[in-house]
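# Reading the structure
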Amino acid sequence: MGLFDKLREPVVLKEDSSAKKQLEQLDFYSKLAPESVKEQIEQDKKLVYYGIKGEEALMFELKNSHMPMYILHDIFFEENGLTTQIDYIVITRKVILIIECKNLYGNITVNNQGDFTRTIQFGKRYHKEGIYSPITQNQRHLDMIKEKRRNTKGLLTKAIFEHYFDDTYKSVVVLANPKTI
């Protein structure tokens, strides 16, 4: 009997998120913090809150996709002193999707070199800033998974994993904010 034989709908294996705990901690610290840092804490709270909302929107879509899949949310890996946090790992019959979810705001531009720039309008003024590439971030997640598997025992298992890795593991970046252009 296979893992997907009777699976007809999405199954969420892990739904909780460390971001909600982080938001609670920031809320706690904002009450204790001196005025000089409260504004920064409030800004951090907003960013974490928007991230949570984006991930909740993606979870809603995955749960309501009616596709046979296993869903893992907010997965943390550590290997050789390096750490990574993966927003979603979605396991289907044919592929394993490593999903990075971004709830970005503003107008997002990606140039030919893959650099991401966000433009935000404040009244009649525009503010332009570079943002870390979610594509690069997700590639690092894939590299961490590869590294973790390389350090397991079994020469044959490692060889098969290496050979089929690019066919099995796929990187997906989701922009969860429907108002982002």
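Refer to the structure printed above.
A brief report on the enclosed structure follows. The structure displayed is predicted, hence computed values, not measured ones.

Attention now moves to the sheet that holds strand 5 (residues 107–110). Taken together, 3 strands build an open sheet; the order of strands is 5-6-7 and the sheet is antiparallel. Because the sheet does not close on itself, it has two edges, and the strands there are strand 5 and strand 7 (125–131). Geometrically, the sheet is characterised by an average inter-axis angle of 25° between neighbouring strands, direction not taken into account. With 7 bridges connecting them, strand 6 (residues 116–122) and strand 7 associate as antiparallel partners. In the sheet register, Phe116 faces strand 7, and the bridge partner there is Ile131.

This part takes up the sheet that holds strand 1 (residues 10–14). Reading across from one edge, 1-2-3-4-8 is the order of the 5 strands in this open sheet, with mixed pairing throughout. Taken across any chain shown, the strands that pair with only one partner, and hence form the sheet edges, are strand 1 and strand 8 (169–175). Between one strand axis and the next, the sheet turns through 30° on average, direction left out of account. Relative to strand 4 (residues 96–102), strand 3 (residues 82–91) runs antiparallel, the two sharing 4 bridges. Within strand 4, the residue paired with Val90 across the bridge is Leu97.

What follows covers the pairing of strand 3. Here strand 2 (residues 69–79) runs beside strand 3; their pairing, made up of 9 bridges, is antiparallel. Along strand 3, the bridge assignment pairs Ile71 with Val90. Here strand 3 hands over to strand 4 after 4 residues, the two strands then running antiparallel side by side.

A few words on the pattern of salt bridges. Applying the stated rule across the entire model yields 11 salt bridges. A salt bridge links Lys45 to Glu42; its shortest N-O distance comes to 3.4 Å. Pair noted here: Lys45 and Glu42 are both in helix 2 (residues 35–63), with a separation of 3 residues, about one helical turn. The class of Lys45 is buried, set by a relative accessible area of 16%. Each of Asp27, Lys31, Glu42 and Lys45 takes part in salt bridges that share partners, so that together they form one network.

The rules we used
- Residues numbered from 1 in each chain as written.
- Predicted model: local features only at pLDDT ≥ 70, side-chain atom pairs only at ≥ 80, totals over all residues.
- Heavy atoms only, no water.
- Pairing = 2+ DSSP bridges.
- Helix = DSSP H or I, 4+ residues; strand = E, 2+ residues; numbered from the N terminus.
- Axes fitted to C-alpha atoms, helices over the stretch in contact; angles between N-to-C directions.
- Salt bridge = Lys/Arg side-chain N within 4 Å of Asp/Glu carboxyl O.
- Buried < 20%, exposed > 50% of the residue type's maximum accessible area, 1.4 Å probe, protein only.

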